[in-house]
2 protein chains.
Amino acid sequence: MTAAAPSRARPRVVIVGGGFAGLYAARALKRAPVDLTVLDRENHHTFQPLLYQVATAVLAPSEIANPIRWLLRRQKNTEVFLAHVDRIDPAKRVVYADGGKLEVPYDYLILATGSRHAYFGHPEWEPLAPGLKTIDDAREIRRRFLLAFEEAEKCDDPAVRDEWLTMVIVGGGPTGVELAGMLPDVARRALRRDFRRIDTARLRVVLLEGGKRILPAFPEKLSAHAQRDLEQLGATVRTGALVTRIEKDAVYVGSERIPCRTVFWAAGNAGSPLAKFLGVPLDPMGRVKVAPDLSVPSHPEVFVAGDLAQVTWHPGLSVPGVAPAAIQEGTHAAKNIVRELRGEPRAPFEYWNKGNLATIGRHKAIADFPWFSISGYIAWWMWLVLHILYLAGFRNRLIVAIEWGYAYFTYQRGARVITAHTEPERD
Amino acid sequence: MTAAAPSRARPRVVIVGGGFAGLYAARALKRAPVDLTVLDRENHHTFQPLLYQVATAVLAPSEIANPIRWLLRRQKNTEVFLAHVDRIDPAKRVVYADGGKLEVPYDYLILATGSRHAYFGHPEWEPLAPGLKTIDDAREIRRRFLLAFEEAEKCDDPAVRDEWLTMVIVGGGPTGVELAGMLPDVARRALRRDFRRIDTARLRVVLLEGGKRILPAFPEKLSAHAQRDLEQLGATVRTGALVTRIEKDAVYVGSERIPCRTVFWAAGNAGSPLAKFLGVPLDPMGRVKVAPDLSVPSHPEVFVAGDLAQVTWHPGLSVPGVAPAAIQEGTHAAKNIVRELRGEPRAPFEYWNKGNLATIGRHKAIADFPWFSISGYIAWWMWLVLHILYLAGFRNRLIVAIEWGYAYFTYQRGARVITAHTEPERD
């Protein structure tokens, strides 16, 4: 099918990807004189900053995800397709999806397909150490986390039981820190009374960071604070610890073997593979080096926004891969299209750093703003309120607030349902 | 592992299955002088009467499911294992699970593993027409239901588009009726504004019932009322319609071909395959014919409760396979064990028919009580209130009430997230 056939009077803008960059680009085109097509391989936009809460059984998937077509339902110029984009032909200006079944020509393209996990050249680690980018990822992490205690409870061999009660998180960025702070807390408080043979508080969580310190995007003082917080919450933090091997029942740091049956991956990103069809140079992380207006140098009608774009902020420094940056970039790319259609010149992108927040655990967070930085209680409440406010949809805000209130006061976790492949391991 | 090894001082009761019968049996043994082991292949108890609401995107899975070990956390005499029971040896009095890794001996066994779908000798229909018994089933139905509109929106061939906009439900029992009443409503109200190329209100839902009337457990007058309600809601009801064949893009009634790409199965149950290990006669539906005390004739230490038990109510009439019956049977089996341990005789089971409720759609339900029957508005509110009250857990009750309020006033559906295998069909 040729999606654009019906109306060629107005220029057609195609957005690939319904994450923060793609969604906000679409919203910025609401009243633009264009026909807009949004393509995503999922039917929903995911509020990624709260994914770790699905992974740790606080929230249900549908509480942080909304159908993209529902979010854009009021935009009469917009159609949304659930489709798997296979390739892009920038010479013909066509996006091909669903194995050739869907062809979408464009006048302007905004590519916002983000990044996936990179396993440092070890793709065989992926099934052993799932990462956290999508709702399905979060559900898989939750499943493995909860299943480990079920297996430990059934286990008579103390060595194997200890392996089930050891979890390793690879990568000390925000996601790794959130998981490392939350898992011991859930084990100690929410799960403890439910088991008879194991003491879930004995869960050992090891956070492995290859670099010199965790949360390297923050000032050194806050990194150190976060590490102390994590250790207080019961996690072991090891910096300068490079993973050399992952097996079913162990992780290796150098030649040291850490026996464990649950590994989560929060290290390393690689740009979405669609970038390679643009025929432009990519940076070592597979991101597209965009021009100041966020377009692709050789293809001014193609913009890249969000995690897939490498945008220079200060000399030698890129705009970070965080939700506010993706929102700003998506909006800016869309506005540049509008400017051009009005006959105005495009504007260069300027990143407005609103500050950087990372949550570590109950009452523990760090916040780094351009003028000051804080940690602890206030930073944590600030994180909480901001994330409620930015969630899309009134219903989600209300329900997430209730789930958080429930978790805060009872120390319980509401979404502890394991589904899909619940059959226990039979090794 | 031999789970009972540690303490053989008190008799060990093993319950297989954490549905209504198993859960209420476990609860009735809370203060009994026994060691209790509960085995289930899922980690959660599912509130089955609301499964169709997960399938139709009103509720999230975790809102109607709770971990079994959490529900039983206050019972100090109880341990819960997530385990897949493979077989039972009633001579040795041992339950074998997890491919031989787990052996649980018992003094008393309560088998409460319920039933699965039966495809009338056509197991090849199962992947084409999923049923609705578990959370995973509900998520699969929701996925197919939502995906059909996504495919229709992308489709240029009007004939194929009509196939995507036709859904057939096989079986006119409560589940089939709930789905047939809900799907057209969701399509008309919640989804309509979100699509550009298709009119979701054109969804054709066909309910096929092999017998003479839908909801045969109700009086004829109420069946007729329910059929009128369904037709008002937009479903087509066909009785005396026996399915002879199901294909990827069609269902056959006799030799008539109904083109459609989405089929749901709500017809026919078969007892759990574990029943056959008891070595006693089963009825044609694979259920165990139990003695008046709910035990198995040749094995007085084995009880069967819930959907797997065939319990005579009146001559020629069995206790129906509904949640209140399962709760009563599970509780009764447990109490008979307690009686016996006290040296008292066992009591025969007497079913207390509290009435029969079926919901059809907004403001439409039927209720059949021993003394009177009603339909419409009041029956619907009654259904709503009762289901909120019987949900386990305060948090679930609160959140389900909010989700229902949201759905009631906005006509929206909150849980429209498609996950797992979202790649579009590529036939």
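Residues numbered from 1 in each chain as written. Chains lettered and ligands numbered in written order. Predicted model: local features only at pLDDT ≥ 70, side-chain atom pairs only at ≥ 80, totals over all residues.

Observations concerning the overall build of chain A
Line of reasoning, step 1. When its secondary structure is counted, chain A shows 10 helices and 27 strands.
Line of reasoning, step 2. The globule rule puts the C-alpha radius of gyration for 427 residues at 22 Å, and the 22 Å found for chain A is close to it.
Line of reasoning, step 3. C-alpha extents for chain A along the principal axes are approximately 70 × 50 × 45 Å.
Line of reasoning, step 4. Split into buried and exposed, the 427 residues of chain A put 52% on the buried side.
Line of reasoning, step 5. Put simply, of all contacts in chain A between residues at least 6 apart along the chain, 64% involve residues at least 24 apart. (Helix = DSSP H or I, 4+ residues; strand = E, 2+ residues; numbered from the N terminus. Rg over C-alpha atoms; globule rule 2.2 N^0.38 Å. Buried ≥ 20, exposed ≤ 12 C-beta atoms within 10 Å, placed from the backbone. Contact = placed C-beta atoms within 7 Å.)

What about the domain arrangement of chain A?
Line of reasoning, step 1. As assigned here, chain A comprises domain 1 (12-41 + 83-117 + 269-341) and domain 2 (123-266).
Line of reasoning, step 2. Its C-alpha centre places domain 1 of chain A at a distance of 34 Å from the equivalent point of domain 2 of chain A. (Domains from an automatic or database assignment.)

Some words on the relation of the copies chain A and chain B
Line of reasoning, step 1. When chain A is fitted to chain B, the best match, at an RMSD of 0.0 Å, comes from turning it 180° and sliding it 0.0 Å along the axis. The symmetry that links the two subunits is that of a two-fold axis.
Line of reasoning, step 2. Most of the interface of chain A is mirrored in chain B: 98% of its interface residues are interface residues there too. (Least-squares fit on C-alpha atoms with pLDDT ≥ 70 in both.)

A closer look at the sheet that holds strand E16 (residues 256-259) of chain A
Paired through backbone hydrogen bonds, the strands of a sheet run either parallel or antiparallel to each other.
Residues and elements named next belong to chain A.
Line of reasoning, step 1. Read across the sheet, 3 strands follow the order E14-E15-E16 without closing on themselves; strand pairing throughout is antiparallel. Two strands close off the open sheet at either side, each with one partner strand: strand E14 (243-247) and E16. Sheet twist, expressed as the average angle between the axes of neighbouring strands with direction ignored, equals 20°.
Line of reasoning, step 2. For strand E15 (residues 250-253) and E16, the ladder comprises 4 bridges, and the chain directions are antiparallel. If you follow Val251 over to E16, its bridge partner there is Ile258. (Pairing = 2+ DSSP bridges. Axes fitted to C-alpha atoms, helices over the stretch in contact; angles between N-to-C directions.)

Topic: the sheet that holds strand E6 (residues 85-89) of chain A
Residue and element names in this part refer to chain A.
Line of reasoning, step 1. Spatially, E6-E7-E8 is the arrangement adopted by the 3 strands of the open sheet, whose pairing is antiparallel. The sheet is open, and its two edges are formed by E6 and strand E8 (102-105), each paired on a single side. Between one strand axis and the next, the sheet turns through 20° on average, direction left out of account.
Line of reasoning, step 2. Note: strand E7 (residues 94-97) against E8, 4 bridges, orientation antiparallel. Following the sheet pairing, Val95 is matched in E8 by Val104.

Side note on the packing of helix H1 (residues 20-28) of chain B against helix H8 (residues 323-341) of chain B
Residue and element names in this part refer to chain B.
Line of reasoning, step 1. Remark: H1 packs on H8, axes separated minimally by 7 Å, with the N-to-C direction vectors making an angle of 35°. Crossing of H1 over H8 shows right-handed handedness. Residues Phe20, Ala21, Gly22, Tyr24, Ala25 and Ala28 of H1 pack against Ala323, Ala326, Ile327, Glu329, Gly330, Thr331, Ala333, Ala334 and Lys335 of H8. (Left-handed = near helix turned anticlockwise from the far one by under 90°.)

Here we look at the nonpolar core
Line of reasoning, step 1. One finds Ile169, Val170 and Leu183 of chain A together with Ile169, Val170 and Leu183 of chain B to be the most contacted residues of the largest nonpolar core, which totals 160 residues.
Line of reasoning, step 2. Sequence-distant contacts of Leu183 of chain B, that is, excluding residues within four places in its chain, are made with Thr56, Phe145, Met167, Leu203 and Val205 of chain B.
Line of reasoning, step 3. Counting 57 residues, the second-largest nonpolar core is a separate cluster that includes Leu23, Val38, Val95 and Phe349 of chain B. (Core = buried A, V, L, I, M, F, W, Y, C linked by C-beta atoms within 7 Å.)

Examining helix H6 (residues 174-190) of chain A
Line of reasoning, step 1. Taking 1.5 Å per residue as the helical rise, H6 of chain A with its 17 residues ought to reach 24 Å, and the 23 Å between its terminal C-alpha atoms agrees with that figure.
Line of reasoning, step 2. With 15 of its 17 residues buried, H6 of chain A lies for the most part within the structure. (Expected span 1.5 Å × (residues − 1).)

Let's talk about the interface of chain A and chain B
Line of reasoning, step 1. Across the boundary between the two partners, chain A contributes 52 residues, which contact 51 residues of chain B.
Line of reasoning, step 2. Elements that contribute at least two residues to the side of chain A that touches chain B include exactly strand E4 (65-67), helix H3 (68-71), strand E5 (78-82), helix H4 (135-154) and helix H10 (394-410) of chain A.
Line of reasoning, step 3. Sort the elements by how many residues they give to the side of chain A that touches chain B and H4 of chain A lands first, with 7 residues.
Line of reasoning, step 4. Tallied by class, the residues present in the side of chain A that touches chain B amount to 22 nonpolar, 8 polar and 22 charged. (Nonpolar A, V, L, I, M, F, W, Y, C, P; charged D, E, K, R; others polar.)

Digging into the environment of Thr113 of chain A
Residue and element names in this part refer to chain A.
Line of reasoning, step 1. When you line up the elements, Thr113 lands in the loop between strand E9 (108-111) and strand E10 (115-117).
Line of reasoning, step 2. Looking at Thr113, the number of C-beta atoms within 10 Å reads 26, which means it is buried.
Line of reasoning, step 3. When the C-alpha atoms of Thr113 and Ala21 are compared, they prove to be 8.6 Å apart, with 92 residues separating the residues in sequence.
Line of reasoning, step 4. Excluding anything up to four places from it in sequence, Thr113 contacts Val16, Gly17, Ser272, Leu274 and Leu308.

Observations regarding the pairing of E14 of chain A
Residues and elements named next belong to chain A.
Line of reasoning, step 1. With 4 bridges connecting them, E14 and E15 associate as antiparallel partners. Paired with Ile246 across the bridge in E15 is Val251.
Line of reasoning, step 2. Between E14 and E15, which pair antiparallel one after the other, the connecting turn spans 2 residues.

Observations concerning the environment of Ala97 of chain B
All names here are of chain B.
Line of reasoning, step 1. As for its placement among the helices and strands, Ala97 is situated in strand E7 (residues 94-97).
Line of reasoning, step 2. The sequence separation of Ala97 and His84 amounts to 13 residues, and the corresponding C-alpha distance is 5.3 Å.
Line of reasoning, step 3. If we ignore the near neighbours within four places in the chain, the residues touching Ala97 are Leu39, Ala83, His84, Val85, Asp86, Leu102 and Val104.

Section: the pairing of strand E26 (residues 364-368) of chain B
All names here are of chain B.
Line of reasoning, step 1. Taking burial as the measure, the 5 residues of E26 include 5 buried ones, the bulk of the element.
Line of reasoning, step 2. Burial along E26 is two-sided: the residues Lys364, Ile366 and Asp368 and Ala365 and Ala367 are all buried.
Line of reasoning, step 3. Relative to E26, strand E25 (residues 356-361) runs antiparallel, the two sharing 5 bridges. Note that in E26 the partner of Ala358 across the bridge is Ile366.
Line of reasoning, step 4. Between E25 and the antiparallel strand that follows it, E26, lie 2 residues; His363 among them carries a positive phi value of about 65°.
Line of reasoning, step 5. Where E26 lies against strand E27 (residues 373-375), 3 bridges are found, and the strand directions are antiparallel. Bridging across to E27, Ala367 finds its partner in Ile374.

Let's talk about the confidence of the model for chain A
Residues and elements named next belong to chain A.
Line of reasoning, step 1. Overall, the predicted model of chain A reaches an average pLDDT of 92, with 96% of residues at or above 70.
Line of reasoning, step 2. Ignoring residues within four places in sequence, the model shows residues 1-7, a span with pLDDT below 50, making 13 contacts including any to other chains.
Line of reasoning, step 3. Across residues 422-427 the pLDDT falls below 50, and counting only partners more than four positions away or on other chains, this stretch makes 15 contacts in the model.
Line of reasoning, step 4. Interface confidence for the predicted complex, given as ipTM, is 0.90, next to a pTM of 0.92. (pLDDT = per-residue confidence, 0-100.)

Considerations on helix H8 (residues 323-341) of chain A
Residue and element names in this part refer to chain A.
Line of reasoning, step 1. Taking 1.5 Å per residue as the helical rise, H8 with its 19 residues ought to reach 27 Å, and the 27 Å between its terminal C-alpha atoms agrees with that figure.
Line of reasoning, step 2. Restricting attention to buried positions, one finds in H8 the residues Ala325, Ala326, Ile327, Gln328, Glu329, Gly330, Thr331, His332, Ala333, Ala334, Asn336 and Ile337.
Line of reasoning, step 3. Buried residues in H8 make contact with strand E1 (12-16), helix H1 (20-28), E9, strand E21 (299-304) and strand E22 (309-310).
Line of reasoning, step 4. Immediately beyond the C-terminal end of H8, within one or two residues, lies Gly343, with a positive phi of roughly 80°.

Things to note about the packing of H10 of chain A against helix H10 (residues 394-410) of chain B
Line of reasoning, step 1. Close contact between H10 of chain A and H10 of chain B brings their axes to 11 Å; oriented N to C, the two are set at 175°. In terms of axis orientation, H10 of chain A runs roughly antiparallel to H10 of chain B. Touching Arg395, Leu398, Ile399, Ile402 and Tyr406 of chain A of H10 of chain A are Arg395, Leu398, Ile399, Ile402 and Tyr406 of chain B, all from H10 of chain B.
Line of reasoning, step 2. Class assignment for the residues of the contact of H10 of chain A with H10 of chain B results in 8 nonpolar, no polar and 2 charged. (Parallel < 35°, antiparallel > 145°, perpendicular 65-115°, else oblique.)

Some thoughts on the environment of Trp404 of chain B
Line of reasoning, step 1. One can find Trp404 of chain B in helix H10.
Line of reasoning, step 2. Residues Trp404 of chain B and Leu59 of chain B, spaced 345 residues apart in sequence, show a C-alpha to C-alpha distance of 8.2 Å.

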